[in-house]
Amino acid sequence: DQQVKQNSPSLSVQEGRISILNCDYTNSMFDYFLWYKKYPAEGPTFLISISSIKDKNEDGRFTVFLNKSAKHLSLHIVPSQPGDSAVYFCAASSSFSGNTPLVFGKGTRLSVIA
Amino acid sequence: DGGITQSPKYLFRKEGQNVTLSCEQNLNHDAMYWYRQDPGQGLRLIYYSQIVNDFQKGDIAEGYSVSREKKESFPLTVTSAQKNPTAFYLCASSILGDFGNTIYFGEGSWLTVV
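Fair warning: this is a prediction, and the values are worked out from it, not measured in the lab.

Conventions and cut-offs
Residues numbered from 1 in each chain as written. Chains lettered and ligands numbered in written order. Predicted model: local features only at pLDDT ≥ 70, side-chain atom pairs only at ≥ 80, totals over all residues. Heavy atoms only, no water. Pairing = 2+ DSSP bridges. Helix = DSSP H or I, 4+ residues; strand = E, 2+ residues; numbered from the N terminus. Axes fitted to C-alpha atoms, helices over the stretch in contact; angles between N-to-C directions. Contact = heavy atoms within 4.5 Å. Buried area = accessible area lost by both parts, 1.4 Å probe. Salt bridge = Lys/Arg side-chain N within 4 Å of Asp/Glu carboxyl O. Polar contact = N/O pair within 3.5 Å; in protein donor to acceptor, adjacent residues only side chain to side chain. Nonpolar A, V, L, I, M, F, W, Y, C, P; charged D, E, K, R; others polar. Buried < 20%, exposed > 50% of the residue type's maximum accessible area, 1.4 Å probe, protein only.

## Brief notes about the sheet that holds strand 3 (residues 19-25) of chain B
Residues and elements named next belong to chain B. Taken in spatial order, the four strands line up as 1-3-8-7 in an open sheet, and their pairing is antiparallel. The sheet is open, and its two borders are formed by strand 1 (4-7) and strand 7 (64-66), each paired with just one other strand. Averaged over all pairs of adjacent strands, the angle between their axes in this sheet comes to 20°, without regard to strand direction.

Right, dumping it as structure tokens:
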């Protein structure tokens, strides 16, 4: 059973517009969430994270929103740039579980069209 | 430079042979991980180690083996028992922060069985 779900396998957005990537989770014990960006044939790079004590975290063009009651988080990229075209993975963990592996979603492929 | 180094980047193996992928980190991270990514697929956990001389199986450990004799090193052996070894292999390490576990990835290794 998937505990972290990214229901959109792909997303296309015009350059300069907003990209919104979504992620849902089922485990109520998850309280730390991360987004990773991955280019083909490269390792994923850590993008941004959010703890459940917050509902928003911002870093430049990237903002992550967390809705705990809905068990939903989203990554907003504004404005979108062609270099943002990549696969984005959502991941989750519980602070009670120490340094155990993150649970990853299956990823969403973002294409930013010039 | 601090980081996670995987070698080799590309590796070809004949069927029936074992092969070992190297992973070294100089980030002083306690935990290390091996993931596998198949084309168009998400990240699947093979093995992880939270501390030296200890490791646990992930979701797809069959046909793989690991060792963790040093904090910096976590090599993965792909044995001849692995039925479909051709894939992109990712090593990672993590640090437990105030809010949760953040994983950092290496650049990956391509293994092709010929």
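From this point on, the discussion continues.
## Topic: the interface of chain B and chain A
Contact residues are listed per partner, giving 25 residues for chain B and 21 residues for chain A. On the chain B side of the contact with chain A, Leu43(B), Phe99(B) and Asn101(B) bury the most area, a combined 28% of that side's loss. The interface formed by chain B and chain A contains zero salt bridges. Where chain B meets chain A, there are six residue pairs in polar contact (both at pLDDT 80 or more). If you list the elements that add at least two residues to the side of chain B that touches chain A, you get strand 4 (31-37), strand 5 (43-51), strand 9 (87-96) and strand 10 (101-105) of chain B. Considering every element that reaches the side of chain B that touches chain A, the biggest residue donor is strand 10 of chain B, with five residues. Each residue belonging to the side of chain B that touches chain A can be placed in one class, and the counts come to 14 nonpolar, eight polar and three charged.

## Some words on the pairing of strand 11 (residues 108-113) of chain A
Residue and element names in this part refer to chain A. Burial along strand 11 is one-sided: Thr108, Leu110 and Val112 are buried, while Arg109, Ser111 and Ile113, pointing the other way, are not. Pairing geometry for strand 2 (residues 10-14) and strand 11, over five bridges, is parallel. Bridge pairing links Ser12 to Ser111 in strand 11. Relative to strand 11, strand 9 (residues 86-93) runs antiparallel, the two sharing three bridges. By the bridge assignment for strand 11, Ala86 is matched with Leu110.

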